[in-house]
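# Overview (structure and organization)
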Amino acid sequence: MTRWLAIIPLVLLGCTSLNTRLPDTDVVAVQKEKITQEQAAFEEIDRLRARLDTVAHRVLSANADLCEKTAPDPGLKTQSLKSFPKELREGARRELGLGDKHLVVYVRPGSSADKAGLQKGDQIFGKDGVLSAPGKTLNWHLKEGVQIQKSRLGVKENINLEGDEACYYPALLRMSSAINAYANGKSIIVTAGMMNFVKSDDELAYIIGHELAHNTQSHIRKSVTNYVLSLGGTRYTRIFESEADYVGLYYMARAGFDPANVEDLWRRLALQSLRGIGRAKTHPAYPNRSVQIEATRAEIAAKTSAGEPLIPELKDE
Ligand SMILES: [Zn+2]
């Protein structure tokens, strides 16, 4: 028995051993390269987050009057180590100085947070002390006019933080290479894969408008999570997708983005999921979507030239 156990690993080793002799790798060089790659990853996260926030802010603030759920948006994002998947935490600690506490990791240029002098690494305090996960709490504090403080290198200081009223469905970046975007009733989530797939801010604004519409039209409560792009699974509802396309186009147009070529996005997405061209059980097939978008754009253009407000048409009561 013991002899057999000793032999098995040798046999396995024989199967997996290489034919060639690889050059020795230097452990220090590998560690150095790891740091280089992590630095690049965090630069990429910074770039994608800034772009997503800039476009989303325009869409979310331009449509505040059509959203039931709004809050002041001061223009900052905070994160703690726990915001990152385990494999990125060592880099997040080194590159962003993150630990258990939420620190500012992003400030939108020109925003209230920017004007208040907030910087990366600052900590934010509200009514009850540290805002451990400031998103929602901070927004409520701002709504109630609570005095906000910042702490930098241990020095606390009152700051004047406000924000323009925006639909309260924050746009979050998900570090995934999958080309996807979805709404969960509370937020809008866009993957890094989708951020790199869109060819213009107009296309990104359309994605955000579409997901915002899923949230504002309560599609999530009415069904389950809705995805822009079906890559398997059947958790999609055709009429909700059509409505999100329709209302989403209004949302982007109201934010001053150009809906002229958004069908091109669907055509390119169709190439990622060829089955969507021909048939779709629950999602509108891509050709239907493209044609409906064209009709919606004509409707919006007619209202614009007539000087009418850009409000999606409601069903007759
Ligand atoms: Zn959708």
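Here goes a summary of the coordinates provided.

## Notes on the overall build of the protein chain
A count of helical and extended segments in the protein chain gives twelve helices and twelve strands. The burial tally for the protein chain puts 46% of its 317 residues in the buried class. Look at the contacts in the protein chain between residues 6 or more apart in sequence, and 65% of them connect residues 24 or more apart.

## Regarding the coordination of the zinc ion
Here the zinc ion is held by the protein donor atoms His210 (NE2), His214 (NE2), Glu241 (OE) and Glu241 (OE), which lie 2.1 to 2.6 Å from it. The coordination sphere of the zinc ion comprises four donor atoms, whose angles at the metal cover 53 to 136 degrees; the geometry is irregular. Taken in chain order, the donor set of the zinc ion reads H-x3-H-x26-E. Taken as a pair, histidine 210 in helix α7 (residues 201–216) and glutamate 241 in helix α9 (residues 238–254) lie far apart in primary sequence, 31 residues in all. Each member of the pair, histidine 210 together with glutamate 241, is buried.

## With respect to the layout of surface pockets
Size it by volume and the largest pocket reaches roughly 1,000 Å³. Those elements giving two or more residues to the lining of the largest pocket turn out to be α2 (27–62), β1 (70–73), β2 (76–79), α5 (134–144), β8 (164–167) and β9 (171–174). When residues in the lining of the largest pocket are grouped by element, the largest group, seven residues, is from α2. Along the lines of polarity and charge, the residues of the lining of the largest pocket split into 23 nonpolar, nine polar and eight charged. Split by domain, the lining of the largest pocket shows at least three residues from each of two domains, domain 1 (71–167) and domain 2 (169–305). Its volume calculated, the second largest pocket comes out at about 580 Å³. Thr216, Gln217, Glu243, Val247 and Leu314 are, among the 20 residues lining the second largest pocket, the residues nearest its centre. Of all the elements in the fold, those that place two or more residues in the lining of the second largest pocket are α7, α8 (219–222) and α9. A total of four residues in the lining of the second largest pocket trace back to one element, the largest contributor, which is α9. When its residues are assigned to classes, the lining of the second largest pocket shows nine nonpolar, five polar and six charged.

## Details of the pattern of salt bridges
Taken as a whole, this structure holds 21 salt bridges when the rule is applied. Note that aspartate 46 is salt-bridged to arginine 49, the shortest N-O span being 3.6 Å. Of the two residues, aspartate 46 and arginine 49 are both situated in helix α2; the distance of three residues between them amounts to about one turn of the helix. Of the charged contacts in the structure, one is a salt bridge between arginine 268 and glutamate 203, with a shortest N-O distance of 2.9 Å. Separated by 65 residues along the polypeptide, arginine 268 in helix α10 (residues 262–272) and glutamate 203 in helix α7 bring together distant segments of the chain. We classify arginine 268 as buried; its relative accessible area is 12%. Three or more residues are tied together by salt bridges with common partners; here these are Lys34, Glu38, Glu90, Arg94 and Glu95.

## Things to note about the packing of aromatic side chains
As enumerated under the stated definition, the model contains three aromatic pairs in all. Measuring from ring centre to ring centre gives 5.4 Å for tyrosine 246 and tyrosine 250, while their planes differ by 65 degrees; the resulting arrangement is edge-to-face. In this pair, tyrosine 246 and tyrosine 250 both sit in helix α9, four residues apart, roughly one turn of the helix. For the pair shown, tyrosine 246 and tyrosine 250 are each scored as buried.

## Overview of the packing of α2 against α7
Where α2 contacts α7, the two axes come as close as 9 Å, and the packing angle between them is 60 degrees. Overall, the two elements α2 and α7 adopt an arrangement that is oblique. Between α2 and α7 lies a crossing of right-handed hand. Along the contact surface, α2 presents Arg51, Leu52, Val55, Ala56, Val59 and Leu60, while α7 presents Asp201, Leu204, Ala205, Ile208, Gly209 and Leu212. Tallied by class, the residues present in the contact of α2 with α7 amount to nine nonpolar, one polar and two charged.

## Considerations on the packing of α9 against helix α12 (residues 286–305)
Where α9 meets α12, the axes come as close as 10 Å, and the angle between the chain directions of the two elements is 35 degrees. The interaxial crossing formed by α9 with α12 has right-handed handedness. Here Glu241, Ser242, Asp245, Tyr246, Leu249, Tyr250 and Ala253 of α9 lie close against α12, whose contacting residues are Arg289, Gln292, Ile293, Thr296, Arg297, Glu299, Ile300 and Lys303. Here the contact of α9 with α12 is composed, by residue class, of six nonpolar, three polar and six charged.

## Observations regarding unusual backbone geometry
Leave glycine aside and you will find that most residues have negative phi; peptide bonds, for their part, are mostly trans. Notably, leucine 153 is not glycine yet its phi reads approximately 50 degrees, a positive angle. Relative to the helices and strands, leucine 153 is located in the loop between β6 (148–152) and β7 (155–159). According to the relative accessible area criterion, leucine 153 is exposed, its value standing at 86%. Backbone geometry places serine 218, a non-glycine residue, at a positive phi of 55 degrees. Looking at the element boundaries, serine 218 is found in the loop between α7 and α8.

Cut-offs and rules
- Residues numbered from 1 in each chain as written.
- Predicted model: local features only at pLDDT ≥ 70, side-chain atom pairs only at ≥ 80, totals over all residues.
- Heavy atoms only, no water.
- Helix = DSSP H or I, 4+ residues; strand = E, 2+ residues; numbered from the N terminus.
- Buried < 20%, exposed > 50% of the residue type's maximum accessible area, 1.4 Å probe, protein only.
- Contact = heavy atoms within 4.5 Å.
- Donors = N, O, S within 2.8 Å, 3.2 Å for Na, K, Ca; no water.
- Tetrahedral: all angles 85-135°; square planar, octahedral: opposite > 155°, others 65-115°.
- 1 Å grid on protein atoms, 1.4 Å probe; cavity = no way out; pocket = protein on both sides within 12 Å on 5 of 7 lines; lining within 4 Å.
- Points joined across faces, edges and corners; volume = space filled by probe spheres on them.
- Nonpolar A, V, L, I, M, F, W, Y, C, P; charged D, E, K, R; others polar.
- Domains from an automatic or database assignment.
- Salt bridge = Lys/Arg side-chain N within 4 Å of Asp/Glu carboxyl O.
- Phe/Tyr/Trp six-rings, centres within 6.5 Å; stacked < 30°, edge-to-face > 60°.
- Axes fitted to C-alpha atoms, helices over the stretch in contact; angles between N-to-C directions.
- Parallel < 35°, antiparallel > 145°, perpendicular 65-115°, else oblique.
- Left-handed = near helix turned anticlockwise from the far one by under 90°.

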